[in-house]
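# Topology and contacts: notes
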Amino acid sequence: MGVWVTARQIATLTESTSMKASRLALLLLGVGLPHWGRAQYHVNMWTRATLSYAATKKIRTDAEWQYRRQNGIDDHAMYRDPLMLSCRTWIHYQPGKNLKVSISPFALFSNYRIIQHAADEEAVPGQEIRCTAAAEVHKQLYGKWYATARFAAEYRMWQSSQPNVVRTSLRAGVRYEAGKLLHVIAYNEWLSNVAGAPA
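This section reports on the structure supplied with the text. (Residues numbered from 1 in each chain as written. Predicted model: local features only at pLDDT ≥ 70, side-chain atom pairs only at ≥ 80, totals over all residues. Heavy atoms only, no water.)

All chains considered together, the criterion is met by two aromatic pairs. Aromatic pair Trp65 and Tyr67: ring centres 6.0 Å apart, planes at 40°, arrangement tilted. Under the relative-accessibility criterion, Trp65 is labelled partly exposed at 35%. The class of Tyr67 is partly exposed, set by a relative accessible area of 24%. When the centroid spacing of 4.8 Å and the interplanar angle of 45° are considered together, the rings of Trp145 and Tyr176 count as tilted. A residue pair is termed long-range when its members are at least 10 positions apart, and Trp145 in strand β9 (residues 145–158) and Tyr176 in strand β10 (residues 165–179) qualify at 31 residues. (Phe/Tyr/Trp six-rings, centres within 6.5 Å; stacked < 30°, edge-to-face > 60°. Buried < 20%, exposed > 50% of the residue type's maximum accessible area, 1.4 Å probe, protein only. Helix = DSSP H or I, 4+ residues; strand = E, 2+ residues; numbered from the N terminus.)

Spelled out as structure tokens, the structure:
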């Protein structure tokens, strides 16, 4: 379960003669407003930044960067040690206001161990490549309150002897639109390795 607070700031660039055919928006999510999570008796901090380009009214592409940090042994400093670093590309298609279909053809992840022992702090991070497809629906409940659901499937290719994995996820929750630039989301997410995971 998680609570996610997102701040959006959109800055459009002025169009010059060479940019008349293009529209470019810079979308910053969570920069300066990190996401905090607590799992396995650990504290971690998430930061994400997204560069977004609207190709048409219905098609948008994103370049996303994420950096998660975690506490060390016997402390609660959520920024002390790295947990995950990722770079991901997205293509989003929104046929209507309540549905969005997304494909991430390429993502590169560096995953660090959850720190439970001193040796975990020195462990070499695992590298993986992910390809993801997702569909997200929104339904207005009342006023500024929305029900949200997101289903995703991803193929995770590890750069090690670990077998590749197909993982599905279902995220369901509610969103409150506090303003044009601020949304608060409370959700629960279920993950399942449906193929490739060791028995």
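The full count for this structure, using the stated rule, is 13 salt bridges. The partner of Glu64 in a salt bridge is Arg48, and the shortest N-O contact between them spans 3.8 Å. Pair noted here: Glu64 is in strand β5 (residues 59–70) and Arg48 is in strand β4 (residues 42–54), with a separation of 16 residues, a long-range link. On the basis of relative accessibility, which here comes to 10%, the residue Glu64 falls in the buried class. In this structure Arg48 comes out as buried when scored by relative accessible area, which is 14%. In this structure, a network of salt bridges that share partners links the residues Glu128, Arg130, Glu154, Arg156 and Arg167. (Salt bridge = Lys/Arg side-chain N within 4 Å of Asp/Glu carboxyl O.)

Keep in mind that these numbers describe shape and distance, not what the molecule does.
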